[in-house]
Amino acid sequence: RAFLWEVTRPDGAGRPLYVSGSVHVGKPGQFTFPPGFERVLGRVDALVLEVDPRKADPEVVKGLVMGLGTYRAPDNLDAHLDARTRELLPEALRRNRLLPKAVASLRPWFLATMLSMSELERGGYNPGSGVDRLLFERFQATGEILELESMERQLKMLAGLPEPTQVLRLRDVLEGSAETVRTVEAA
């Protein structure tokens, strides 16, 4: 169920832009592009992604995640959670085969992201089969790839969310984690 919008200037000048949504994860072979989408892909010169994966050095990203996604001792996750979130956490950790001490230093935004991805991966989804990855692979050899933001900027945005918002996001993930895969499959 791909969708694609064509954006043109009111006066008709210039070339059109095409905008499509993206799904960051998928199952191998899940996504194919309909014929109309394929025709558009054949005539565009550049692809604009959230992040160009070629520019995201894994070691730099790991350092950023550890710096932005963890508390420094003696501070810890438990000190920042409300009673309801604390109550939901053990079941999600058990389901994801994580020990409480393994996540004790994680900030809520990072743990929420980690748990969401873990649920999706357990359901057979992976980033290598997402729409944006398929588009990237297609354009890597044939067209220009631009990014809207850097991985660093994305991580800093997540880490910069107010702490109450991070905790609410974590609680939302904990409350709906059993439904994560069904939600993605229904989309």
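This structure is a prediction, so every number in the text was calculated from the model and none was measured.

A. The overall build of the chain, seen in detail. Looking only at helices and strands, the chain has nine helices and four strands in total. Principal axes of the C-alpha set define a box for the chain whose edges measure 60 × 30 × 30 Å. Per-residue burial for the chain yields a buried fraction of 29% across its 187 residues. Across the chain, contacts joining residues at least 24 apart in sequence account for 80% of those joining residues at least 6 apart. Element-wise, carbon and sulfur atoms account for 57% of the exposed surface of the chain, whose accessible area totals about 11700 Å². Distance between charge centroids for the chain: 2 Å, based on 25 positive and 26 negative side chains.

B. Broad picture of helix 8 (residues 163–176). With 14 residues, helix 8 should cover 20 Å at 1.5 Å per step; its first-to-last C-alpha distance of 20 Å lies within 8% of that length. Along helix 8, the positions that sit buried rather than exposed are Q166, V167, L170, V173 and L174. Down the axis, helix 8 shows its buried residues gathered within 120° of arc, on one side only. Lining the buried residues of helix 8 we find helix 3 (83–95), helix 5 (108–122) and helix 7 (151–159).

C. Spatial organisation of the nonpolar core. Residues L77, L89, L111, L115, L170 and L174 are the most contacted members of the largest nonpolar core, which totals 23 residues. Within the residue set of this core, elements represented by two or more residues are helix 2 (58–69), helix 3, helix 5 and helix 8. Broken down by element, the residue count for this core peaks at five residues, all from helix 5. Setting aside residues up to four positions removed in sequence, L174 forms contacts with T85, L88, L89, A92 and L115.

D. Structural detail: the pattern of salt bridges. Per the counting criterion, the structure on display carries 15 salt bridges. With a closest N to O distance of 2.3 Å, R15 and D45 form a salt bridge. Here the residue R15 occupies a position in the loop between strand 1 (4–7) and strand 2 (17–20), and D45 occupies one in the loop between helix 1 (35–41) and strand 3 (46–49), the gap between them amounting to 30 residues. We note a salt bridge from E119 to R95, for which the minimum N-O separation is 2.9 Å. Here the residue E119 occupies a position in helix 5, and R95 occupies one in helix 3, the gap between them amounting to 24 residues.

E. Examining a nonpolar patch on the surface more closely. A cluster of nonpolar residues, F3, W5, V7, L17 and V19, forms a patch on the protein surface that exposes about 500 Å² of accessible area. Every element with two or more residues in the nonpolar patch is listed here: strand 1 and strand 2. As for its position among the elements, W5 is in strand 1. The class for W5 is exposed, based on a relative accessible area of 52%.

F. Helix 5, seen in detail. Taking 1.5 Å of rise per residue, the 15 residues of helix 5 would be expected to cover 21 Å, and the 21 Å separating its terminal C-alpha atoms lies within 8% of that figure. Along helix 5, the residues classified as buried are P108, W109, F110, L111, A112, L115, S116, E119 and L120. G124 lies just past helix 5 and shows a positive phi near 95°.

G. Inspection of the environment of L64 at higher detail. Along the polypeptide, L64 turns up in helix 2. With relative accessibility at 17%, the residue L64 sits in the buried group. For the pair formed by L64 and N126, sequence separation is 62 residues and the distance between their alpha carbons is 22 Å. In contact with L64, other than residues within four places in its own chain, are G69, E152 and L155.

Rules behind the numbers
- Residues numbered from 1 in each chain as written.
- Predicted model: local features only at pLDDT ≥ 70, side-chain atom pairs only at ≥ 80, totals over all residues.
- Heavy atoms only, no water.
- Helix = DSSP H or I, 4+ residues; strand = E, 2+ residues; numbered from the N terminus.
- Buried < 20%, exposed > 50% of the residue type's maximum accessible area, 1.4 Å probe, protein only.
- Contact = heavy atoms within 4.5 Å.
- Areas by Shrake-Rupley, 256 points an atom, 1.4 Å probe, with all protein chains shown as cover.
- Lys, Arg positive; Asp, Glu negative; His and termini not counted.
- Charge placed at Lys NZ, Arg CZ, Asp CG, Glu CD.
- Expected span 1.5 Å × (residues − 1).
- Arc of directions from axis to C-beta.
- Core = buried A, V, L, I, M, F, W, Y, C linked by side-chain atoms within 4.5 Å.
- Salt bridge = Lys/Arg side-chain N within 4 Å of Asp/Glu carboxyl O.
- Patch = residues over 30% accessible without salt bridge, like charges linked within 9 Å, V, L, I, M, F, W, Y side chains within 5 Å.

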